[in-house]
Structure formats: structure tokens, C-alpha cells
Amino acid sequence: VKRADLCGALSNYLCRVTNGNPLFVRQQIVSLFDDGLLRFDSSSQWTWDMAEIEKKCKLHGDIVSAITYKMKRLPSILQHILMLCACIGTRVGHDVLNVLVRVGISRDQSYNNKDIKALAKKATSVATQEGLMVQSNDVKGVGFVEFVHDSAHSAAYSLIRPEERASCHLQLGLALLKYLGSKTHLLLVATQLARGYKLIPEEERIAAAKIFLRAGYDFQTATAFLDAHFFYARGISMLRNLDWASNYWLSCDLYMKASEVAIITKAHDDVDKWLGILLLKTTVDDQFTAQCIKIKFLVSIEEMDAAFDLGLKALAGVGVKFPSHILPLHTLAAFAKTRQLMRGKSSAKLLQRPVISDKRIGAALRLLDNLATLSLKTKPKMLPLICFRSLQLNLKHGMSPYMPNAVAWYGAIHLLLGFPLAEACKLGDIALSIQDQLGSAETKTHVIFLCHGAIFSFAKKIADCASHLRNGFVYGLKSGDIPHALMCSYFHGVISFHSGQKLSTLSASLDKYRSVASEFNTVTMLRANQCLQQAVVNLIGRSDISYGEHALLKGDTFDIDDSSKHNAFVTEQMKCTQIMLAYIFGNFALALNVAEDIQNMKRRKWISFYFIEFFRAMASLSMFQSSNNKHHLRISEHCMKMVKKGHKKSPINLSLYVYLLDAEYSVIKKKYKAAEKLYYVAIEQAAIAGVIQIHALACERFGYYHMLHGNGDMALEQLRTASTLYLTWGSKPKHSMLLALIKGQPIDDDAVVKV
């Protein structure tokens, strides 16, 4: 046989069993040499017999088996240390290694415990020489050893018999707890104990439960909710019925925190089981906290009415009751009382109030805080009364983490009831100031949503509010306040759309929000988000993407799936989005049909309400121009009146919309000189504000105006500008429509996304 053929056969074999990994090739060659299958003969040549290698090789084509075989040839003490290192992971710090060596030599009394460090150093040196581990330092200069590859780690772990692994992990966990403590190595100790939790002795049971509780809390604060759920569940498994008497606070804390995390991880069976135990075993005071968690659970599974009714029932148990039929007089009386209590109260004065120590009052405030947001979707008439009662309780009994929320809601309700914006903004500033001073992570996202999503969106540029809402979303995810995080995300999407953000940027944000809403199974916000995302995708021109039939905006009808019909919020947001999309693409009839359909809906008068009224007015004016139907004119005049009311609250955001509406209305009234001036002002205002789509729309409408008056050159100039602006915004279909119009060509149906 030729020498080249022998080398080729050996290289093919090595490539086959190592998948070409250089590290494994080295391991394989060393193993062949150790077994005498690869020899250096007297003629100074390497020799081997491929048939002998294939027959006698212990690897059987598996590199893990090769490394395992090599490890088994090492001294027993070193094998045991490698096994213990594998229990820890792929990397082991020197301090932990010393403990592992101590555990490893406990079976062999020939080693003196005083020589632990020397033995650890020797074991590391041998493992390094054998090509199994490497030594290094982290960025802080702390030394560690590490398996050279995951396969080496797997090989070392495979040396432990499966039935002995739990015992081994437990032994390590207890040793690490004894010699290193759980303060600096909490995660490591908790992980080892968790992997052997069924064998934890009775005398270590409570200590282990406390460690699992701390580990779960650390993961919860780091938003690693699945890991938090794992450790909380391990902690609960340590408890017995008798612990509710002897270790009440430990039991209560574990079950409370585990239930809250299980809601986020969608472990519904665990939530049901743990909440049942809480409601059965806890004291009367703590049962209110358990009721709050149950309300969160019901909301997470879209049982809104049941959650609201449960909250009212729990509040009645502590004497906080509401009228069965809400009348305007109830709201006015509660508002007058709250206004009197708040007179002269600054953030500094409120912060001087003592902290509420009564657990029942604290639990009632938490319940009221949950019900305030819930009432938006279930019983909006009760929202003012709930918010007033929450603030009254805070003012009567002292400071609580829910004071900022109560003040922010009070400011938002000022707007809803038509009070001056300056008062609402002052209350918003007070709420944010108190929130910053208290530093409560639980309420931060809620306060941001109310202040920047509702109050300040009138007083400040909406683009500035959008950045705060984005931060609110991030804070909510970190703190576990998923409902308010998703509300921040939805308002961020809507406000970013109306502030002129480029569609590609907005689409990326919405995709992130949709993913989170889907992950946490929040159906309402998922559908609302999908609706806005579908509109953005249609504007971009991606007809190949769909986010669900309920969110499609197409044809001459508006279909809502059965699961959305009961949800007024989702229905309203879908139809409002369709009005905007229909008008932008020139389908005025569809825009007006949908506008008339939602005319009687009880829309909340946040800033987005006035943007929708603008598009309703524009669609009605366009339809009047083509049909001369005075019904359309009446609708437009009503909508213009609403927009101008909003303009009084927020001139910084709505001026350009008012100018454009006035320009269109002046054309209807044949006041052409005034119309031209107003078009110019609208274009200038939109350019200054940076609202690209309204800038484009103003140019487009001015171009049509010139076309109707025979000013061909002026019309082309405005339409070209509009086309460029739409392209800058990111709407290729609208850009194509205007280009076709400029060139006098028929509009390409394939280039336009159907509304």
C-alpha cells in the first residue's frame, strides 16, 4: 500500500470521527498513540494499521466517548474533581475549585485537608497538560479553569452515574453553602441545591427554601421570569403545612412572588394552585394582596369583567364601596371633595406625610390602582370615582407607593372633565416628582403612561412624549408590570405614527411590541398593536405580510373576528386606523363610511382622538366636493369643531391640522385667496414640526387645488414635493400613485396596497 494512501485513510478516519474539529483531532491522535495504535518506529517513521485502528479503537466514532475514555485513565481523585467541575458548569473559579477538591478528597483520607490549594493547583495542571482544561483570568483578574470544549464538559459529567447525579449536586450545594456562603455565590449554591432538591435533609429544608426565595427574587428583578418561576417553585416544594404556623412570612412571600411570576410565564395551573393555598392559609390582611394577584391573573386571561367584580367585592370587605348606579352627581361630589383635599398640596408637602402602615389600607390602595386601569376597558363611568377614592385614601392615611398613580390619574381626569390643561400638567409634574422620590419600580411604568401618554401629550410635542413612553415600556418589562408596559408600547406606536416617524423605524418598534404582547398572551394589546402594524405595513407596500384577519384593512367592508367583537377598545382602534389609511390612499367613501360607523362610539379624548377627527373631517370635505351632499358638510363641520377644541388644549401639536382643515373648508366656501394662504401656512407648520405625512398631505391637497384651477405647473410642483415626502416617510405605494398622476398614467393597481 502506498504511503500516500495510508495517510489518506488515516486523515479520512480522523475527519469522520472529529467532524474536522482541530481540538478533537489532537485528542484523537493522542488517544491512538496512548493505545499503541499509532507508533513511532525504529526507522523514525510513524506507522499504523487502519484495520487495527477500526477494530480496537474505543471511540466508536464519538468524540465524547473518546474524551471519556481518556478521563477514565486518569487517577481516581482527578476523575472525581473533573466530575465535580462538570456539575458546576463549563467554567469554575479558583475559590469554587478549592471547595470541589475538598469534596473530592473526602473519600480518600490519604490526602491532608491542609493541602487543598496545592492539590487543586496540581489537578488543574494535570487537566491542562492532558488537554482537557485551560486556565485563565476574567476581566477583574480573578482566576478560573474552563473545559476546553462542551464535549469535554459532557464527557466529565457522563462519568457520574445518572442515579447519583442528584446526590452529587446536593453534596456540592451544601459544601458551597458551608465554605463560601450564599451571599457571594447565591446563584451557584441555589442551582446545585435545586438539582438535588428532592434529597435535601429535613434540617436543611428551611435554609434551602430561603435560598430559593432569594434566587427567585434576583431573577425576577432581572426580568428572567422563567428562571424566577423555577426557583420559587423549588422553594415551595421545601415547605410543609406546618410551616404556615412556624414560618408564616417565608411561606407567604414564596407563594405571593411565585404566583405573580407564574402569571407572567403563563403557568396557569400553578397560579390556580398557589392562589388557592394563599386564600386559604393567609391572614385577612394578606388575603387582600392575594386578591390583587388574582385580579392580575384574571386580566391576563382576558377575564376583565370577572376581575373587576372581584376587585369591587374585595374593596367592599374593607369598607370601600361604590354606588351600584353611577350618576353624574356622584362624580361631581367626589371630584369636589378631592379637589378640596388637594388644595395647596405640592409634591414636597405630600412627601412629608407618614408612610401608611395599615396593611388593609395598603392592600385597598393596590386594588384601587388595579381597578383604575381595568375600568378603562370594562366600566369607564367608574374610572373617576375609583381614582378619586384612591387619592382620598392616600391623603387621609399617609404616603403609599400608589400615591403617584393616584395623582396622575387625578390629572388625567382633569383633562377628561374639561378643566384647564395647566392644572393637569401641574398634577402630572407632582406625580412624576413623587415617583422619583419614592423610587417604586412597581408603579413607575403606570405613572409614565398616564403623564406622557395622556397629560403631557397635549402640552408638549408628541415626539418628545414618545421617547418617554418607550422608556416606560422598558421599565415595565424589567419590573414585571406587563399590562402598563404594553399600554406604553401601544401609545408609543400611535404617537410615533402621528409625529411623523419614518415607517421603517416604526415598523421595527411595533414588531418588538407585537412579539412581547404575544409572549405574554395579552390578547387585547396584541390585536390593537397588530392593527396599527398592519396599517404601517400597508403604507410601506408589503402586501405579502399579514398580522391576522382581524387586523386586515382591505376592501369595502370592515370585518372583525368574533373574539374581538366584545372588545370596544380593539374595535375602536381598528376602525380609527382604517379611517386614516383609507383617506391617505384616497378612498374617501370608505373613510367616511367607517367614520359614520364610529360616530356614536364613546372614544376617550386623548390626543389621538383629535387626529382621528381630523381625518374624518378631511374625508367628509372631500366627499362633499364630489357629491355636494350637505350631510357630509355637517359631519365635517362637527369634526372641525372637535379638532379646534383640541387645538385650544394643544396648539403645539394641532395647529398644522387646523390650518389644513381651514384651507380645505375655505375651498368649499370659495374663499380661494384665504385657502391659498392657509395651504402655505399648513405646509410651513408641518415642515417645522417635522410631521412628514401631514407635510406631504398638505402639498398633495394644494396640488389638487391648483389642478382644479388650471394651474398646471404649480400643481406639478406641489405633487412632486408630496411624492418625494411620501417616499421619505417610507410609503412607496403612495409615492407610486402620485408619480402615475404626475405622468398622466393610469394608477397601477399592483403598486397600491388595497385599503
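Residues numbered from 1 in each chain as written. Predicted model: local features only at pLDDT ≥ 70, side-chain atom pairs only at ≥ 80, totals over all residues. Heavy atoms only, no water.

Let us look at the state of the cysteines. As enumerated under the stated definition, the model contains zero disulfides in all. Free cysteine Cys168: the closest other cysteine sulfur is in Cys87, separated by 3.7 Å. Of the cysteine sulfurs around Cys531, a residue in no disulfide, the closest is that of Cys576, at 8.9 Å. A relative accessible area of 0% means that Cys531 is categorised as buried. (Disulfide = S-S within 2.5 Å. Buried < 20%, exposed > 50% of the residue type's maximum accessible area, 1.4 Å probe, protein only.)

So, about the sheet that holds strand E5 (residues 143-147). One open sheet holds the three strands; their spatial order is E3-E5-E4, and the pairing between them is antiparallel. The sheet is open, and its two edges are formed by strand E3 (91-93) and strand E4 (133-137), each paired on a single side. Averaged over all pairs of adjacent strands, the angle between strand axes in this sheet comes to 25°, irrespective of strand direction. Bridge count between E3 and E5: three bridges; the pairing is antiparallel. Following the sheet pairing, Gly93 is matched in E5 by Phe144. (Pairing = 2+ DSSP bridges. Helix = DSSP H or I, 4+ residues; strand = E, 2+ residues; numbered from the N terminus. Axes fitted to C-alpha atoms, helices over the stretch in contact; angles between N-to-C directions.)

Let us look at the packing of helix H26 (residues 482-498) against helix H28 (residues 523-540). Think of two packed helices as two axes; the pair is described by the angle between the axes and how far apart they sit. Close contact between H26 and H28 brings their axes to 10 Å; oriented N to C, the two are set at 25°. Considered as vectors, H26 and H28 are oriented roughly parallel to each other. H28 is crossed by H26, and the crossing has left-handed handedness. Residue-level contacts link Leu486, Met487, Tyr490, Gly493, Val494 and Phe497 of H26 to Met525, Ala528, Asn529, Leu532, Val536 and Leu539 of H28. Taken together, the residues of the contact of H26 with H28 sort by class into 10 nonpolar, two polar and no charged. (Parallel < 35°, antiparallel > 145°, perpendicular 65-115°, else oblique. Left-handed = near helix turned anticlockwise from the far one by under 90°. Contact = heavy atoms within 4.5 Å. Nonpolar A, V, L, I, M, F, W, Y, C, P; charged D, E, K, R; others polar.)

Turning next to helix H11 (residues 205-221). The first and last C-alpha atoms of H11 sit 25 Å apart over 17 residues, in line with the 24 Å expected at 1.5 Å per residue. Residues Arg205, Ile206, Ala208, Ala209, Ile211, Phe212, Leu213, Ala215, Gly216, Phe219 and Gln220 constitute the buried set of H11. Residues of H11 that are buried make contact with helix H9 (162-179), helix H10 (186-195), helix H12 (225-237), helix H13 (243-246), helix H14 (248-264) and helix H25 (462-479). (Expected span 1.5 Å × (residues − 1).)

Enumeration according to the criterion identifies 27 aromatic pairs in this entry. Between Phe230 and Phe231 the ring centres are 5.1 Å apart and the planes differ by 80°, which places this aromatic pair in the edge-to-face class. By way of ring pairs, the aromatic residues Tyr583, Phe588, Phe611, Phe614, Phe615 and Tyr657 are connected into one cluster. If you follow Arg102 out to its NZ or CZ, it ends over the ring of Tyr179, 4.5 Å from the centre. We note Arg234 situated over the ring of Tyr197; from NZ or CZ to the ring centre the distance is 4.0 Å. (Phe/Tyr/Trp six-rings, centres within 6.5 Å; stacked < 30°, edge-to-face > 60°. Lys NZ or Arg CZ within 6 Å of the ring centre and 35° of its normal.)

Turning our attention to the nonpolar core. Nonpolar side chains in soluble globular proteins tend to end up buried together. In this structure, Leu82, Phe614 and Ile694 are the most contacted members of the largest nonpolar core, which totals 243 residues. Top contributing element to this core by residue count: helix H32 (residues 607-627), with 13 residues. In this view, Ile694 contacts Phe614, Phe615, Leu656, Tyr657, Leu660 and Ala686; residues no more than four positions away in its chain are not counted. The next biggest cluster of nonpolar side chains, apart from the first, holds nine residues, and it includes Tyr13, Leu14, Trp48 and Ile53. (Core = buried A, V, L, I, M, F, W, Y, C linked by side-chain atoms within 4.5 Å.)

Looking now at a positive patch on the surface. The grouping of Lys630, Arg634, Lys669 and Lys671 at the surface amounts to a positive patch. Structurally, Lys671 can be placed in the loop between helix H34 (651-668) and helix H35 (672-689). (Patch = residues over 30% accessible without salt bridge, like charges linked within 9 Å, V, L, I, M, F, W, Y side chains within 5 Å. Areas by Shrake-Rupley, 256 points an atom, 1.4 Å probe, with all protein chains shown as cover. Salt bridge = Lys/Arg side-chain N within 4 Å of Asp/Glu carboxyl O. Lys, Arg positive; Asp, Glu negative; His and termini not counted. Charge placed at Lys NZ, Arg CZ, Asp CG, Glu CD.)

We now examine the pattern of salt bridges. Throughout the structure, instances matching the rule amount to 16 salt bridges. The partner of Glu163 in a salt bridge is Arg161, and the shortest N-O contact between them spans 3.3 Å. For Glu163, a relative accessible area of 59% translates into the label exposed. Since its relative accessible area comes to 46%, Arg161 is described here as partly exposed. Here Asp662 makes a salt bridge to Lys644, at a shortest N to O gap of 3.1 Å. Here Asp662, found in helix H34, pairs with Lys644, found in helix H33 (residues 630-649); they are 18 residues apart in sequence, far enough to count as distant. Classification of Lys644 by relative accessible area gives partly exposed; the value is 36%. Salt bridges linked by common partners bring Glu260, Lys296, Arg366 and Glu442 together as one network.

We now examine the packing of H11 against H12. Running from amino to carboxyl end, H11 crosses H12 at an angle of 165°, the nearest separation of the two axes being 8 Å. Between H11 and H12, the interaxial angle falls into the category roughly antiparallel. Crossing of H11 against H12: the hand is left-handed. Across from Ala209, Phe212, Leu213, Ala215, Gly216, Tyr217, Phe219 and Gln220 in H11, the residues of H12 making contact are Phe225, Asp227, Ala228, Phe231, Tyr232, Arg234 and Gly235. Its residues assigned to classes, the contact of H11 with H12 comprises 10 nonpolar, three polar and two charged.

Taking 1.5 Å per residue, 19 residues should reach 27 Å; helix H24 (residues 441-459) reaches 26 Å between its end C-alpha atoms and fits that length. If you look at H24, its biggest bend is around 30°, right at His452. Of all the 19 residues making up H24, 15 are buried; the element is thus mostly covered by neighbouring parts of the structure. (Bend = angle between axes of the 7 residues up to and from the residue.)

Per-residue pLDDT for the protein chain has a mean of 85; in total, 89% of the residues score no lower than 70. Confidence over residues 548-566 falls short of pLDDT 50; this stretch has 44 contacts with residues more than four positions distant or in other chains. (pLDDT = per-residue confidence, 0-100.)

Before going further, it helps to spend a moment on unusual backbone geometry. For residues that are not glycine, phi is negative in most cases, and the peptide bond is trans in most cases. Its identity is not glycine, yet Glu302 carries a phi of approximately 65°, on the positive side. Note that Glu302 resides in the loop between helix H16 (284-300) and helix H17 (304-316). Residue Lys670 is not a glycine yet carries a positive backbone phi of 65°. Here Lys670 shows up in the loop between H34 and H35.

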